[in-house]
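Residues per chain are reported as follows:
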Amino acid sequence: MSKYTQDKNYIYYENSNIPINKLDIRDVSILEEKEQELLLKGYQFFHQTLSENTNFDEQYFQLLHRKTFEELYDFAGEYRTINISKGYSPFCQVRFLNQTSNKIFSELKKDNFLKDYSDKPKELFAQKISYYMCELIAFHPFPELNGRITRLFFDMIATFNGFEYIDYQNTLETNDDENEFIKASINCLAGKESTMFKIVLDGLKKSE
Ligand SMILES: Nc1ncnc2c1ncn2[C@@H]1O[C@H](COP(=O)(O)OP(=O)(O)OP(=O)(O)O)[C@@H](O)[C@H]1O
Ligand SMILES: [Mg+2]
């Protein structure tokens, strides 16, 4: 059974959860290793290139996905063209992707891309991050790797403000549908941000 409920397994090898990839890797654990390696490289690259001029806008969000995973996937940086859901949660419908991204990123721009939180109370920063995290989780614009890119996005915002990468501790631990991050995501889609807020607040720590 496919991990996603969808019309067509358009990015996966037939009868599998494995996204069609440029290296033609068909083994889940080898693919996960490769993705992990690319994600680490992505973290390094975007950390190094972070500057005062970095704006955490839609272009940047897509660039995180594209640059990190283009070695592996044709869909890197591209938004999905079919509707998908996980569990009972339907993500943003394809026909609303544009208007939803406009809404999220124009709001983020009004918040100066969360670039002014280095001297503010951590609670306020955690509130903002968890609000936008929930929005981006419901948006879920890519065919795959939404969770990792969304976390990378906020890790760069945290870094910009003098914080360490958000420590999700054991909330991501299992790969099944029961980990705390997923429960918090389900709550996000149900309009309840408090679970995600707690995870983010616990995970935020100022850099030494
Ligand atoms: N049942 C669900 N309801 C709502 N959101 C969900 C559900 N299951 C997963 N999610 C969200 O979708 C994300 C996973 O999406 P996707 O598979 O595109 O990203 P990933 O990077 O491959 O996965 P992960 O975040 O698990 O590393 C999770 O991080 C979570 O935020
Ligand atoms: Mg996935």
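Please read all numbers here as calculations on a predicted model, not as lab measurements.

Thresholds, definitions, all that
- Residues numbered from 1 in each chain as written.
- Chains lettered and ligands numbered in written order.
- Predicted model: local features only at pLDDT ≥ 70, side-chain atom pairs only at ≥ 80, totals over all residues.
- Helix = DSSP H or I, 4+ residues; strand = E, 2+ residues; numbered from the N terminus.
- Buried ≥ 20, exposed ≤ 12 C-beta atoms within 10 Å, placed from the backbone.
- Contact = placed C-beta atoms within 7 Å.
- Core = buried A, V, L, I, M, F, W, Y, C linked by C-beta atoms within 7 Å.
- Near = placed C-beta within 6 Å.
- Nonpolar A, V, L, I, M, F, W, Y, C, P; charged D, E, K, R; others polar.
- Expected span 1.5 Å × (residues − 1).
- Axes fitted to C-alpha atoms, helices over the stretch in contact; angles between N-to-C directions.
- Parallel < 35°, antiparallel > 145°, perpendicular 65-115°, else oblique.
- Left-handed = near helix turned anticlockwise from the far one by under 90°.

Chemist: Explanation requested: the overall build of the protein chain in the structure shown.
Modeler: A tally of regular secondary structure across the protein chain gives seven helices and two strands. Overall size of the protein chain, expressed as C-alpha extent along the three principal axes, is 50 × 35 × 35 Å. For the protein chain, with 208 residues in total, the buried portion stands at 31%. Long-range pairs, those at least 24 residues apart, make up 64% of the contacts in the protein chain between residues at least 6 apart in sequence.

Chemist: I keep staring at the nonpolar core and nothing clicks. Help me out?
Modeler: The nonpolar side chains of soluble globular proteins are, as a tendency, buried together. Residues Ile129, Met133, Phe153, Met196 and Val200 are the most contacted members of the largest nonpolar core, which totals 45 residues. Of all elements in the fold, only helix H1 (28-48), helix H2 (58-69), helix H3 (97-110), helix H4 (122-139), helix H5 (146-160), helix H6 (180-189) and helix H7 (194-203) reach the threshold of two or more residues within this core. Counting residues per element, this core draws most heavily on H4, at nine residues. Phe153 has contacts with Phe56, Phe61 and Leu64, leaving out every residue within four places of it along the chain.

Chemist: Help me out: how do you make sense of the site of ligand 1 in this one?
Modeler: Taken together, 15 residues sit near ligand 1, with Gly87, Ser89, Asn146, Gly147 and Arg148 positioned nearest. Per-element tally for the shell around ligand 1: the top contributor is H6, with five residues. Split by residue class, the shell around ligand 1 holds six nonpolar, five polar and four charged.

Chemist: What's the story with the environment of Met133 in this structure? I'm lost.
Modeler: For Met133, the position within the fold is in helix H4. On a C-alpha basis, the gap between Met133 and Ser185 in space is 8.9 Å, while along the polypeptide they are 52 residues apart. Sequence-distant contacts of Met133, defined by excluding residues within four places in its chain, comprise Thr150, Phe154, Met196 and Val200.

Chemist: Help me understand unusual backbone geometry, please; the structure alone is not making it clear to me.
Modeler: Glycine aside, a negative phi is what most residues show, and trans is what most peptide bonds show. The phi torsion at Asn112 lies on the positive side, around 50°, for a residue other than glycine. Mapped onto the fold, Asn112 is located in the loop between H3 and H4. According to the C-beta neighbour criterion, Asn112 is exposed, with 11 such atoms within 10 Å. Backbone geometry places Gln169, a non-glycine residue, at a positive phi of 45°. Tracing the sequence through the fold places Gln169 in the loop between H5 and H6. By C-beta crowding, Gln169 is classed as exposed, having 12 other C-beta atoms within 10 Å.

Chemist: For this particular structure, what's the right way to read H7?
Modeler: Think of an α-helix as turning once every 3.6 residues; residues three or four places apart then point the same way. Of all the residues in H7, the buried ones are Thr195, Met196, Phe197, Ile199, Val200 and Gly203. Buried positions along H7 lie against H4 and H6.

Chemist: What is the right way to read H5 from this model?
Modeler: For H5, built from 15 residues, the straight-helix expectation of 21 Å at 1.5 Å per residue is met to within 8% by its first-to-last C-alpha distance of 21 Å. The buried fraction of H5 is high, at 11 of 15 residues. The inward-facing, buried residues of H5 abut H1, H2 and H4. Of the residues flanking the end of H5, it is Gly162, one or two places downstream, whose phi is positive at about 80°.

Chemist: Can you help me understand the packing of H4 against H5 in this one?
Modeler: Closest axis-to-axis distance for the H4/H5 pair is 10 Å, and the angle between their directions is 155°. Between H4 and H5, the interaxial angle falls into the category roughly antiparallel. As for how H4 packs across H5, the hand of that crossing is right-handed. Touching Ile129, Met133, Leu136 and Ile137 of H4 are Thr150, Phe154 and Ile157, all from H5. A breakdown of the residues in the contact of H4 with H5 according to their chemical character gives six nonpolar, one polar and no charged.

Fair warning: the whole summary comes from geometry, so function is off the table for now.
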